[in-house]
Amino acid sequence: MAGGFTACHCFIRAKIENILMIYMGNLLPSGRIIFLLVIFLPLLISFANAEEPKKLVAFDYAIADTLSALQQPPLAMAGLAQYRRFYREPLLPDTQELGNRFQPNFEYLASLEPDAILISPPAHLNLENKLSSIADVIKIPLFGENLNIWQNLEQLTRKVGELNNQQQQAQELIESAQTRLAVIAAQIARPVDPLLVVEIRDDRHVRIYGHGSLEDMVITQLGLENAWQGPTNDWGFSTLTISEAFQLEGRFILLHPTYSQYTTDSALPTSGLWQHWLDDPPVSIDVNYWPWGGFFSALRFAESLKEALENN
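Throughout this document, residue positions are counted from 1 along each chain, in the order its sequence is written. Residues qualify for local features only when their pLDDT is at least 70, as the model is predicted, and side-chain atom pairs are given and counted only at 80 or more; totals for whole chains, interfaces and linings, by contrast, use all residues. Side-chain measures were taken over the full set of non-hydrogen atoms in the model, leaving aside hydrogen atoms and water.

With that settled, consider the overall build of the chain. From N to C terminus, the chain includes 12 helices and 12 strands. Any residue under 20% of the maximum accessible area for its type is buried, any over 50% is exposed, and the rest in between are partly exposed; the area is computed with a 1.4 Å probe on protein chains only. Taken across its 312 residues, the chain has 45% of its residues classed as buried. Contacts are residue-level and defined by heavy atoms, with any inter-residue pair within 4.5 Å sufficient. Considering only contacts in the chain between residues 6 or more positions apart, those separated by 24 or more positions represent 62%. Of the roughly 16,200 Å² of accessible surface on the chain, a fraction of 52% belongs to carbon and sulfur atoms. Only DSSP runs of H or I covering at least 4 residues are called helices, and only runs of E covering at least 2 are called strands; the numbering of each starts at the N terminus. Exposure was quantified through the Shrake-Rupley algorithm and a 1.4 Å probe, taking into account, for residues, occlusion by the shown protein chains and nothing else.

What follows is the structure, given as structure tokens:
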């Protein structure tokens, strides 16, 4: 962005020099001064008021996701290598890696001289003192059982939009997400039973997504019903045993994240209670979004859910 600003500045300067050569030759010195003041003072004021984009560092993918959607990706991010490994495509190619999400390289972070560091509680609160000694820490809570995720993502989008004077772009991003979800809601196949969104953790446990999760937010926005109305943790999910999960009534949506050993239906456990699941295979989704991401991740999940329901 800075390079583009410099190139623009050089181009305008060249144009100014050409104009001066043409028009100032026939002016007296006093006339030249007046010419400069009248013609170029507004331009000089504009340059003086122009601001470089703020150097922002993110410790949360939803924040980085939103900054990227606004064409202002974070300067650096903690845990970026992990996110790139979990995802199914390259992420944030212009963003620097800060090391582990909870053990960042503080020396390198300080050398970047960021204007602000953005975190999403409750994560990284234990790092707040060290981070605040480097730059202002901005806390944006996003997920949790008692939080309105859609409202929080709207607030997140507006907040990061304000940081770089992109209020209009932020509002357009929110409206675009609303419009796209409305289109998907009108097209999606509507199952008879409510949905149970689960992920296999090991041979005996599953993670089930409910209130406070991005998945539950999307299901609600699409006008569908989430069958899991039980308690969830700060990240919007509960962990159930296989026996507990199989007692639930609903249409199972099975997530296959890249970080799981059960990345395909053929990798499902084949013993015990799993045999009953294999008799009636669930709807499967190869996860191509981050479960705690921003509007872009929400749209990716909505698209994947729509496709999965159409194919089953």
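Moving on, we get to the sheet that holds strand β2 (residues 76-77). Any two strands with at least two DSSP bridges between them are considered paired. Here five strands make up an open sheet; going across it, the order is β3-β2-β1-β6-β7 and the pairing parallel. With one partner strand each, in any of the chains shown, β3 (96-97) and β7 (136-139) form the two edges of the open sheet. Strand direction decides the pairing type here: β2 and β3, joined by two bridges, are parallel. Bridge pairing in β3 links Ala76 to Gln96. Note on definitions: angles span 0 to 180 degrees between N-to-C directions of axes, and those axes are lines fitted to C-alpha atoms, for helices only across the stretch in contact. Across the sheet, helix α3 (residues 61-69) is in contact with β1 (56-58), β2 and β6 (116-119); its angle to β1 comes to roughly 140°.

A word on the nonpolar core. Ranked by size, the top nonpolar core spans 59 residues in total, and within it Leu118, Leu222 and Leu305 carry the most contacts. Looking at which element gives the most residues to this core, the answer is helix α12 (residues 295-310), with eight residues. Leave out the neighbours within four places in its chain, and Leu222 touches Leu181, Ile184, Ala185, Ile188, Arg190, Ala302 and Leu305. Among buried residues, the Ala, Val, Leu, Ile, Met, Phe, Trp, Tyr and Cys ones that are joined through side-chain atoms within 4.5 Å form a nonpolar core. Ala78, Leu98, Leu112 and Ile119 belong to the second largest nonpolar core, which has 14 residues in total.

Inspection of the secondary structure assignment puts Trp228 in the loop between α9 (214-221) and β10 (237-241). Separated by 20 residues in the primary sequence, Trp228 and Ile208 have C-alpha atoms spaced 7.5 Å apart. Contact partners of Trp228, with chain neighbours within four places excluded, come to Leu195, Leu196, Ile208, Tyr209, Gly210, Ser238, Leu240 and Leu248.

Looking now at the pattern of salt bridges. The term salt bridge refers to a side-chain nitrogen of Lys or Arg lying within 4 Å of a carboxyl oxygen of Asp or Glu. In this structure the tally under the stated criterion is six salt bridges. In this structure, Arg158 and Glu154 form a salt bridge, with 3.7 Å as the shortest nitrogen-oxygen distance. Placement of both Arg158 and Glu154 in helix α7 (residues 149-163) is noted, with a separation of four residues, approximately one turn of the helix. A relative accessible area of 16% means that Glu154 is categorised as buried. Its salt-bridge partner being Arg207, residue Glu199 comes within 3.9 Å of it at the nearest N-O pair. Like Arg207, Glu199 is buried. Linked by salt bridges that have partners in common, Glu199, Arg201 and Arg207 make up one network.

Before going further, it helps to spend a moment on α12. A helix is expected to span 1.5 Å multiplied by its residue count minus one. For α12, spanning 16 residues, the distance from its first C-alpha to its last is 23 Å, which sits close to the expected 22 Å at 1.5 Å a residue. Counting buried residues along α12, 12 of its 16 residues qualify, which places the element largely inside the surrounding structure. Listing the buried residues of α12 in full gives Phe295, Ser297, Ala298, Leu299, Arg300, Phe301, Ala302, Ser304, Leu305, Lys306, Ala308 and Leu309.

Contact geometry for helix α8 (residues 167-187) and α12: axes closest at 10 Å, N-to-C directions at 10°. Here α8 is positioned roughly parallel relative to α12, judged by the angle of their axes. In contact with Ile174, Ala177, Arg180, Leu181, Ile184 and Gln187 of α8, α12 contributes Phe295, Leu299, Ala302, Glu303 and Lys306. For this classification, the nonpolar set comprises Ala, Val, Leu, Ile, Met, Phe, Trp, Tyr, Cys and Pro, the charged set comprises Asp, Glu, Lys and Arg, and every other residue, Gly included, is treated as polar. Broken down by class, the residue content of the contact of α8 with α12 amounts to seven nonpolar, one polar and three charged. The cut-offs work like this: below 35 degrees is roughly parallel, past 145 is roughly antiparallel, 65 to 115 is roughly perpendicular, and the gaps in between are oblique.

With an omega dihedral of 10°, the bond running from Pro121 to Pro122 counts as a cis peptide bond. You can see Pro122 is positioned in the loop between β6 and α6 (128-132). Positive phi, close to 50°, is recorded for Glu113, a residue that is not glycine. Positionally, Glu113 belongs in the loop between α5 (106-111) and β6. Glu113 sits in the exposed class, given a relative accessible area of 56%.

Two elements in contact, α9 and α12, have axes whose closest approach is 10 Å; the angle formed by their N-to-C orientations is 65°. Considering the relative orientation of α9 and α12, their crossing is right-handed. Contact residues: α9 offers Leu214, Glu215, Met217, Val218 and Ile219, while α12 offers Ser297, Ala298, Phe301, Ala302 and Leu305. Its residues assigned to classes, the contact of α9 with α12 shows eight nonpolar, one polar and one charged. The hand of a helix crossing depends on one turn: near helix anticlockwise from the far one by less than a right angle means left-handed, and clockwise means right-handed.

Before going further, it helps to examine the sheet that holds strand β12 (residues 283-286). On the basis of which strands lie adjacent, the open sheet formed by five strands has the order β10-β9-β8-β11-β12 and mixed pairing. Because the sheet does not close on itself, it has two edges, and the strands there are β10 and β12. For this sheet, the mean angle separating the axes of adjacent strands, direction not counted, is 35°. In terms of strand pairing, strand β9 (residues 205-209) meets β10 through five bridges, oriented antiparallel.

Function cannot be read off these values alone, since they describe shape.
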